[in-house]
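A closer look at the structure
Residues per chain are reported as follows:
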Amino acid sequence: MRITLRLKAVLICSFLILIPWLGYRYLWEMERVLRQGQENNLLGTAQAIAMSLHEQPALFASSNFQLQSRDLYAYPLPSAPVVDGQFNDWPALSPQHYGEHFVQYSRYRYNESSFAFSALLGRVNDTLFIQFNVTDSTPIPRQPQRERADRNDHLTIVFTTASGELTRVIIPLLPDDEFAAYRLTGNANNPGNYQPETAIQGQWHTTDTGYQLELSLPVGWIHHQLAFGWHNVTKTHSRDVETIIATASLQDPARMGRLLLPDTGIEQRLAAMTHSQAKLTVVDSHRQILAQVGSLNGGESLWGDVSPPAQNNHIQNLINQFYSWLFPLPNIKQTEAPAEGNKVSGVHITQALTGQPYLRWRQDRNQQDNDVVILSATHPIWVNGDVVGVVIAEETNAGIQALRTQALRGLFSLSSAVIIIGITLLVLFASHLSSRIRRLRDQTDAAVDDQGKVRGVIAIDPSKDEIGDLSRGLGAMVERLDDYHHYLEQMSSRLAHELRTPVAVVRSSLENLAFFETEPANQQYITRAQEGIGRLNTILTLMTEANRIEQSLEHVDKEVFSLNEVLIGCSEGYKLAYPEAEFETHIDATQVDILGSPDHFAQCLDKIVSNGLDFRQDGTPIRIEMTIDGNTAIIAVSNCGAHLPDKMQDQLFNSMISIREKGKSTKPHLGLGLYIARQITAFHAGTIRLENRYRPDGVAAVIELPIQ
């Protein structure tokens, strides 16, 4: 795999991920410190409230008894609910269920699924609010214009007044849009004993399983004892009461239940602490709730605001939606009511009742966000050295979670900006470096051709860095290589020039010696010496030929000539010059004109044909072919014989390269023929190559020239 500079830059930028990771670790540490601060703050709040309630026995006078099942507890409500038969404006509290264990009378075998009810009491100032949810399989409402109110399903409320008088109120079942309450002053069989009671307000609401009733009445009516009883009628023809379920005895005041009303003084003291944004609860020594203010579902707290940010515009809305998906704010709802009606349980209460303040974190299964937990701080309330109650201060960690989420959003934005800018700068820098390196590579490739000859120069990079130094070094190297090639190219002509004089002297001396020497034995040596001088002179001629051709090509004027005529003329000449060889000519009939020098191109063909004759098998022809491919003329000169080595096909076009076997030819060969052919082909803007051919085996020299 090829790793580019850009990829390396991106890999290096991966270390920037450490920035958000370190920030995330810092935020976790910050959250731990904030939770410790929240613990200390909440425990201090509970302690401050407990101190305000110390040595106040009057506040706990009404809670010095253990609440029994027949007793009724009125929860302090934050606001007065609307009496409409609906319970959706009540806090999330657990109603008390009344069924089989509270049956006062039943004519037949009791079935709880057919008739039962639940009740919940709440107090706001001087008003007592009551909700009833009745399960009744056969609701029988009061008949219109009927004087008695007890010959149908009805509710009986029995309580004692401050004077000790036992008061009984009957509320008959009516349609949803009607309500009536009657104070019973005597025997229920006498219609004259039903006195309308307008101080009691109520509303019926029919349900799938029965009906609901919501009431409000003055709390000052009730001194201590209170009981509710639901009377069930199942037959419309007889209208006799068949089942009575009551919270306690409806006849004997001694067996009636008590109404527990928490002291308003405790609630007033708690209301003064609502700025703490905590849910505050006071329970007595029996774990019964005496007062409760606040809630756990507020959007603002001391530690942070969990409400969603305001939407200013469309773009900001999209950004906030993205952040809400990536880092959602804590989602909390009102915690569930105590599991035991009006009692609170838990280890934190147990510890506080022993006189020890206590802190605990707990997960509320009613919360929608699993990251939101509840902190409870409890502190004992002392009166005369005894623990008479416990202050419970509760708060969620939603504010801290909101702070952490907002910090995560800021960290994400900042880290993303740093990473994007860092990667962009590094990639741009790497791209700049790679472009400079590629430009230097391209210049280096163009400066030297495939044969190693210098064809251009490298532009010097003026930069004072390592790439600039490399550019200057490569430029100097190409210049030295060009000088060395020029020296090698001139060496053959200089050497030939220097050797011609001594060769001429030796030749003339041998000629004189041959003229005067008559001995046959010495004549053969003179003859051999003359042959050697002839070969040496041929070598000198070949050495200067390539240089002469290069010089002549520099000064020749190009002309447009017919390639067909040159090929045909040369082919006919080869048949006369080499009568022992067979030539096959296949030339396309289309007229082909090229720009160049016909004489030099004919010389190029001479060199190629000469090589073909030297390497052909005896009895095989030399084929000269010309075809046309678009705007290119393709000339192929082939012979049958041995294949060229794979690695030598390109090297044979270099100077002084030959693969002829020693002793096979009597003529001197310096490997300059194909070198000259390549020079002439390049002059005509063409290319030349050698390739092995099969069926029959042989070698072909292929020239490609642009058609004029």
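These remarks concern the structure in this document. (Residues numbered from 1 in each chain as written. Predicted model: local features only at pLDDT ≥ 70, side-chain atom pairs only at ≥ 80, totals over all residues. Heavy atoms only, no water.)

Our next topic: the pairing of strand β5 (residues 127-136). In terms of burial, β5 is a largely internal element, seven of the ten residues being buried. Across ten bridges, strand β4 (residues 115-124) lies against β5 in antiparallel orientation. Within β5, the residue paired with L120 across the bridge is Q131. Between the end of β4 and the start of β5, which pair antiparallel, lie two residues, with N125 showing a positive phi angle near 55°. Relative to strand β11 (residues 210-218), β5 runs antiparallel, the two sharing nine bridges. (Buried < 20%, exposed > 50% of the residue type's maximum accessible area, 1.4 Å probe, protein only. Helix = DSSP H or I, 4+ residues; strand = E, 2+ residues; numbered from the N terminus. Pairing = 2+ DSSP bridges.)

Turning to helix α9 (residues 563-577), a few remarks are in order. In this model α9 runs 21 Å from its N-terminal to its C-terminal C-alpha over 15 residues, within 8% of the 21 Å that 1.5 Å per residue would give. Buried residues of α9: L563, N564, V566, L567, C570, S571 and Y574, and no others. End-on view of α9: buried residues confined to an arc of 165°, all on one side of the axis. Residues of α9 that are exposed and point more than 90 degrees away from the buried face comprise E565 and L576. Contacts from the buried residues of α9 go to β20 (559-562), β21 (583-587), β22 (593-596), α10 (598-615), β23 (622-629) and β24 (632-640). (Expected span 1.5 Å × (residues − 1). Arc of directions from axis to C-beta. Contact = heavy atoms within 4.5 Å.)

On to the packing of aromatic side chains. Counted under the stated rule, the structure contains 15 aromatic pairs. Here Y98 and F102 contribute two aromatic rings whose centre-to-centre distance is 4.7 Å and whose plane-to-plane angle is 75°, an arrangement assigned as edge-to-face. Taken individually, Y98 and F102 each receive the classification buried, so the pair is uniform in this respect. With a centroid separation of 5.9 Å and 45° between ring planes, the pair formed by Y211 and W230 is classed as tilted. Here W230 lies in strand β12 (residues 225-233) and Y211 lies in strand β11, a separation of 19 residues in the sequence. Judged by its relative accessible area of 0%, W230 falls in the buried class. Connected via pairs of aromatic rings, a cluster forms that spans Y98, F102, F117, F132, W204, Y211, F228 and W230. (Phe/Tyr/Trp six-rings, centres within 6.5 Å; stacked < 30°, edge-to-face > 60°.)

Taken as a whole, this structure holds 17 salt bridges when the rule is applied. With a shortest N-O distance of 2.9 Å, E197 and R183 are connected by a salt bridge. A residue pair is termed long-range when its members are at least 10 positions apart, and E197 in the loop between β9 (194-196) and β10 (201-206) and R183 in strand β8 (residues 182-184) qualify at 14 residues. Here R623 ties to E625 by a salt bridge, and the two come within 3.1 Å at their closest N and O atoms. One salt-bridge network, held together by shared partners, links E584, R623, E625, R689, E691, R693 and E704. (Salt bridge = Lys/Arg side-chain N within 4 Å of Asp/Glu carboxyl O.)

This next bit is on the sheet that holds strand β18 (residues 374-383). Here five strands make up an open sheet; going across it, the order is β16-β15-β19-β18-β17 and the pairing antiparallel. Looking along the sheet, the strands with just one partner apiece sit at the ends: β16 (289-293) and β17 (358-362). Neighbour-to-neighbour, the strand axes of this sheet turn through a mean angle of 20°, independent of strand direction. In terms of strand pairing, strand β15 (residues 279-284) meets strand β19 (residues 386-396) through six bridges, oriented antiparallel. Within the sheet, the bridge partner assigned to V283 lies in β19 and is V390. (Axes fitted to C-alpha atoms, helices over the stretch in contact; angles between N-to-C directions.)

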